[in-house]
Amino acid sequence: DEDAIRRVLLREYDADLYLHAGDVGIMGEGSLSPFAAVKGNCDFVSYPRDYHTNTPYGPLFMRHYPLSDDAAYRALESEGCRIFIHGHTHVKECQKIGHLWVFCPGSLAFPRDQEQGSYLVLKIDTKEILPIFKDI
């Protein structure tokens, strides 16, 4: 839903980083700018499988699919990751496993946990993360 993406950009105009956890559904390269996106199971363009970046809180890792179990999340945490974002379930998620925050923003166009689309804003500093889920 390109209109929903534009609304997010207008609402969150001062964000430092825009992420999309897959199932973009937009045809053509670069049409999702300024979002960094990963390839979802409904994407037919060549987005990367994984995305890594550093935040003031620590390393962030994004992949479309959630990890298989708590042991996999703990292994990711043991590698130093502090934030993991996925999108495959289309269901909002916010949990902490050890020192690792796990998030799913829901879905702008095809949410599976409510009728209205959602996205997630993370306010991050060196000591904490404040997650804010917003409806579109």
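Residues numbered from 1 in each chain as written. Predicted model: local features only at pLDDT ≥ 70, side-chain atom pairs only at ≥ 80, totals over all residues. Heavy atoms only, no water.

Caption draft 1: Geometry of the overall build of the chain. Each helix and strand counted, the chain has 2 helices and 9 strands in total. Listing every helix and strand of the chain by position from the N terminus yields α-β-β-β-β-α-β-β-β-β-β. In terms of C-alpha radius of gyration, the chain reaches 14 Å, essentially the compact-globule figure of 14 Å for 136 residues. Taken along the three principal axes of its C-alpha coordinates, the chain extends 40 × 30 × 30 Å. Out of the 136 residues in the chain, the part that is buried amounts to 43%. A separation of at least 24 residues holds for 32% of the contacts in the chain among residues at least 6 apart in sequence. With an accessible surface of roughly 7600 Å², the chain has 52% of that area assigned to carbon and sulfur atoms. Distance from the positive charge centre (14 side chains) to the negative charge centre (20 side chains) of the chain: 2 Å. (Helix = DSSP H or I, 4+ residues; strand = E, 2+ residues; numbered from the N terminus. Rg over C-alpha atoms; globule rule 2.2 N^0.38 Å. Buried < 20%, exposed > 50% of the residue type's maximum accessible area, 1.4 Å probe, protein only. Contact = heavy atoms within 4.5 Å. Areas by Shrake-Rupley, 256 points an atom, 1.4 Å probe, with all protein chains shown as cover. Lys, Arg positive; Asp, Glu negative; His and termini not counted. Charge placed at Lys NZ, Arg CZ, Asp CG, Glu CD.)

Caption draft 2: Representation of the pattern of salt bridges. Taken as a whole and judged by the stated rule, the model has 4 salt bridges. Between D113 and K92 there is a salt bridge, and its shortest N-O distance comes to 3.4 Å. In this pair, D113 sits in the loop between β7 (100-104) and β8 (118-124) while K92 sits in the loop between β5 (83-85) and β6 (93-97), placing the two residues 21 residues apart along the sequence. Residue D113 is classed as partly exposed on the basis of its relative accessible area, which comes to 32%. For K92, a relative accessible area of 26% corresponds to the partly exposed category. (Salt bridge = Lys/Arg side-chain N within 4 Å of Asp/Glu carboxyl O.)

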